[in-house]
There are 2 protein chains.
Amino acid sequence: MTEEFAPPVEELISQFRRLPGVGKKSAQRLAFFVLGLPDAEAEAFASAIINAKKTVFQCAVCCNLTDRETCPVCEDEGRDHTTICVVADPKDVAAIERTREYKGTYHVLHGVISPLDAVGPDDIRIRELMARIAGGEVRELILATDPDTTGEATAMYIARLAKPFGVKVTRLAYGIPVGGHLEFADDVTLTRALAGRSEI
Amino acid sequence: MTEEFAPPVEELISQFRRLPGVGKKSAQRLAFFVLGLPDAEAEAFASAIINAKKTVFQCAVCCNLTDRETCPVCEDEGRDHTTICVVADPKDVAAIERTREYKGTYHVLHGVISPLDAVGPDDIRIRELMARIAGGEVRELILATDPDTTGEATAMYIARLAKPFGVKVTRLAYGIPVGGHLEFADDVTLTRALAGRSEI
């Protein structure tokens, strides 16, 4: 089959098609929506992509995404820097911040250990976490990876590494539905999960 | 609630959120996917948007999207320029071309008349169609708008305008499921609908 649309349209469709959860028909719909936007708005879309890629980095301390050298949480003197909540993803930081209950800092792993997806301990930000622990200031590590197989395995792996440093290692309470995802939990459930955290 | 992510990330999320069918969670997922792409691939995505907007225009004759002055179908001497198939959308042209049965030309309306959405006859490419008919070369108009309320109304409106010019006006046969959308019809159904077209 030859191309159905003009080459630049086909290229735009194929770019949308790469996005997660976007199939052929959706990609066409999105591409034609963008083609129908006023020029300035389409340019704003393209610029947002470029700008986010250019200006967003991982925080030098916690690896969360930020547009500064160090993220606002790590820079905040009012927060408890002896407690680190370890999460898989920047979206999980946002979910916990919404509870307004947590006053410690974070560490974003950017993934979980998953042998089936060929993701090992060196592919996520565990080394950076261990460096923070080795610094000596950390007293508690709250492991807040998702309560599914890979999240549990990652938590266990980190717990084993961290314990020799004399750090208290806790896991979020199972207020979160087992098999669910942290980012979809409601604020109350998350607050309870934080309060009922248990030592591993 | 303050911003949950760094401002450039929030901006990217809000850009994705404007897309049709993309909610808050999907927009976050898409934004973080793009942030996770290698720089070159994110740039290719942004460039595809800019490039498509810059180089894709409506064909001077049939109003289909093309990156040339005149689209390949309108330029093709081998096609029957006395027959025009009138569709609402460029995606509908692609659907009919897939049947490989139709040898005439097209006219893309870029929408249908829909008073509820404040879309009147002047908001779609009816004037351009009438200019082609007034040119005298057109013998048949196949009205291939969707067989739903607005598609039918648009077809009736165009039929009334075109008949005084002595043009044969036909409608696709109801091989297409009533209430369905042209772009999702399979090739056989579309072929039958073309063959069984009836004069209005």
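Residues numbered from 1 in each chain as written. Chains lettered and ligands numbered in written order. Predicted model: local features only at pLDDT ≥ 70, side-chain atom pairs only at ≥ 80, totals over all residues. Heavy atoms only, no water.

A closer look at the interface of chain B and chain A
Piece 1. Counting residues at the interface gives 52 residues for chain B, matched by 52 residues for chain A.
Piece 2. Taken together, the two surfaces of chain B and chain A that pack against each other cover about 4,600 Å², and 71% of this comes from carbon and sulfur.
Piece 3. Here chain B is connected to chain A by 4 salt bridges.
Piece 4. When the shortest N-O distance is used, the salt bridge between Lys 53 of chain A and Asp 39 of chain B registers 3.6 Å.
Piece 5. Elements represented by at least two residues in the side of chain B that touches chain A include exactly helix H1 (7-17), helix H2 (24-35), helix H3 (39-55), strand E2 (65-66) and helix H5 (90-98) of chain B.
Piece 6. A total of 14 residues in the side of chain B that touches chain A trace back to one element, the largest contributor, which is H3 of chain B. (Contact = heavy atoms within 4.5 Å. Buried area = accessible area lost by both parts, 1.4 Å probe. Salt bridge = Lys/Arg side-chain N within 4 Å of Asp/Glu carboxyl O. Helix = DSSP H or I, 4+ residues; strand = E, 2+ residues; numbered from the N terminus.)

Examining the packing of aromatic side chains
Piece 1. Following the criterion strictly, the structure yields 9 aromatic pairs over all chains and no others.
Piece 2. Judged by centre distance (6.4 Å) and plane angle (40 degrees), the ring pair of Phe 16 of chain A and Phe 45 of chain A falls under tilted. One end of the pair, Phe 16 of chain A, is in helix H1 (residues 7-17); the other, Phe 45 of chain A, is in helix H3 (residues 39-55), with 29 residues separating them in the sequence. Across the pair, exposure class does not vary: Phe 16 of chain A and Phe 45 of chain A are buried alike.
Piece 3. A ring pair is formed by Phe 5 of chain B and Phe 32 of chain B, whose centres lie 5.2 Å apart and whose planes are at 70 degrees; its orientation type is edge-to-face. Placement of the pair is Phe 5 of chain B in the segment before H1 and Phe 32 of chain B in helix H2, with a sequence separation of 27 residues. Both residues of the pair, Phe 5 of chain B and Phe 32 of chain B, count as buried.
Piece 4. Taken together through their ring pairs, the aromatic side chains of Phe 16 and Phe 45 of chain A together with Phe 16 and Phe 45 of chain B make up a single cluster. (Phe/Tyr/Trp six-rings, centres within 6.5 Å; stacked < 30°, edge-to-face > 60°. Buried < 20%, exposed > 50% of the residue type's maximum accessible area, 1.4 Å probe, protein only.)

Digging into the side chain of Asp 92 of chain A
Residue and element names in this part refer to chain A.
Piece 1. Inspection of the secondary structure puts Asp 92 in helix H5 (residues 90-99).
Piece 2. In this structure Asp 92 is buried but unpaired, with Lys 91 as the nearest side chain of opposite charge at 7.4 Å.
Piece 3. Discounting residues that sit within four places of it in the chain, Asp 92 has contacts with Val 87, Leu 182 and Glu 183. (Lys, Arg positive; Asp, Glu negative; His and termini not counted.)

Details of the pattern of salt bridges
All names here are of chain A.
Piece 1. Per the counting criterion, the structure on display carries 14 salt bridges over all chains.
Piece 2. With a shortest N-O distance of 2.9 Å, Glu 97 and Arg 79 are connected by a salt bridge. Residue Glu 97 is located in helix H5, and its partner Arg 79 is located in the loop between helix H4 (72-75) and strand E3 (80-87); the two are separated by 18 residues in the primary sequence.
Piece 3. The partly exposed category is assigned to Glu 97, whose relative accessible area is 29%.
Piece 4. Here Asp 89 ties to Lys 91 by a salt bridge, and the two come within 3.8 Å at their closest N and O atoms.

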